[in-house]
Amino acid sequence: MLSDHGSITNNNMVSIKPQAKKIRWFRRIHRKISIALMLFFLLIAATGILLGLKKQAGLLAPTQKGESADFSKWLPVDSLQKKAIIYLRDSVSNQLSARLDRIDIRPDKGIAKFIFKDHYWGLQLDCTTGELLLKEKRTSDFIENLHDGSILDKILGTSDEQIKASYMTLTGIGLVVLIISGFWLWFGPKRIRKLKNQGK
């Protein structure tokens, strides 16, 4: 129903006010979360791009090829591990921890990658001969630790990745809030325009 001057009726004004109030509230939340987590989101975005393009960006060392892909010709894993520790101390540094994070065996290549827990050096050994094929600085692992916040767990020596869990939870919740508030900042004005048009 039109008013005498063709303006929005009182009923429409009543229905528009809560919508405008809700938009202002979402705008405040959106702004505060954006400012508080801006650096974290930039870090996650930048490192995510690098991880997505790690092969193309040369962040991964090429996987070497061993003498044989025949398992029956391979040395036992414990022998390879002992050799990897010797190579780490002789070829990289005898000051580095030999504590293993994982052993990545590539059956088709006949090699084993030894990845250490307390630093970013990795070794590729021939599974048949035990020869050191490559020592590498695992830049992609460093970027991955930056991406998920676990680098602080490494630096501070936390026992169960508490910092990583808190960091990922905080940024995840922040992103969900930004998505919801961003949607209302887009949808709210459209809804208000629709209500105004209905009142004309």
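Overview of the structure. (Residues numbered from 1 in each chain as written. Predicted model: local features only at pLDDT ≥ 70, side-chain atom pairs only at ≥ 80, totals over all residues. Heavy atoms only, no water.)

## Some words on the pairing of strand E1 (residues 100–106)
Each regular strand displays side chains that alternate between the two surfaces of the sheet. Threshold: Being paired, for any two strands, means DSSP has found at least two bridges between them. Strands are runs of DSSP state E lasting at least two residues, helices are runs of H or I lasting at least four, and both sets are numbered from the N terminus onward.
As paired elements, E1 and strand E2 (residues 111–116) share 6 bridges and run antiparallel to each other. Looking at the pairing, Ile105 lines up with Ala112 of E2. Hairpin remark: E1 followed by E2, antiparallel, with 4 residues in the connecting loop; positive phi at Gly110, about 70 degrees.

## Re the nonpolar core
To keep it simple, the criterion reads: We define a nonpolar core as any set of buried Ala, Val, Leu, Ile, Met, Phe, Trp, Tyr and Cys residues linked to one another through side-chain atoms lying within 4.5 Å. When a residue's accessible area, from a 1.4 Å probe over protein chains only, is under 20% of the maximum for its type it is buried; when over 50% it is exposed; and in between it is partly exposed. Contact between two residues is taken to exist if any of their heavy atoms lie within 4.5 Å; hydrogens are not considered.
Formed by Trp74, Leu80, Ala84, Leu88, Ala98, Ala112, Phe114, Phe116, Leu123, Leu125 and Cys127, the largest nonpolar core amounts to 11 residues. Secondary-structure elements contributing two or more residues to this core are helix H2 (77–92), E2 and strand E3 (121–126). Setting aside chain neighbours within four positions, we find Leu125 in contact with Leu80, Lys83, Ala84, Tyr87, Gly110, Ile111, Ala112, Phe114, Gly130, Glu131, Leu132 and Leu133.

## A look at the layout of surface pockets
Where empty space is left in the structure can be found by rolling a water-sized probe over the atoms. Using the following cut-off: Every definition here rests on a 1 Å grid over the protein atoms only: cavities are sets of points where a 1.4 Å probe fits but cannot get out, pockets are open sets enclosed by protein on both sides within 12 Å along at least five of seven lines, and lining residues have some atom within 4 Å of a point. Grid points are joined across faces, edges and corners, and a volume is the space filled by probe spheres set on the points. Each residue is assigned to one class: nonpolar for Ala, Val, Leu, Ile, Met, Phe, Trp, Tyr, Cys and Pro, charged for Asp, Glu, Lys and Arg, and polar for all the others, Gly among them.
Empty space within the largest pocket amounts to approximately 550 Å³. As for the largest pocket, its lining consists of 24 residues, of which Asp101, Lys117, Asn145, Lys154 and Glu161 are closest to the centre. Looking at the lining of the largest pocket, the elements that each hand over two or more residues are E1, E2, helix H3 (139–148) and helix H4 (150–156). Here the lining of the largest pocket takes 4 residues from H3, the largest share from any one element. Here the lining of the largest pocket is composed, by residue class, of 4 nonpolar, 6 polar and 14 charged. The computed volume of the second largest pocket comes to approximately 180 Å³. Along the walls of the second largest pocket sit 14 residues, with Leu60, Ala61, Thr63, Arg106 and Lys113 positioned nearest its centre. Looking at the lining of the second largest pocket element by element, the count peaks at 3 residues for E1. Looking at the lining of the second largest pocket, its residues break down into 5 nonpolar, 2 polar and 7 charged.

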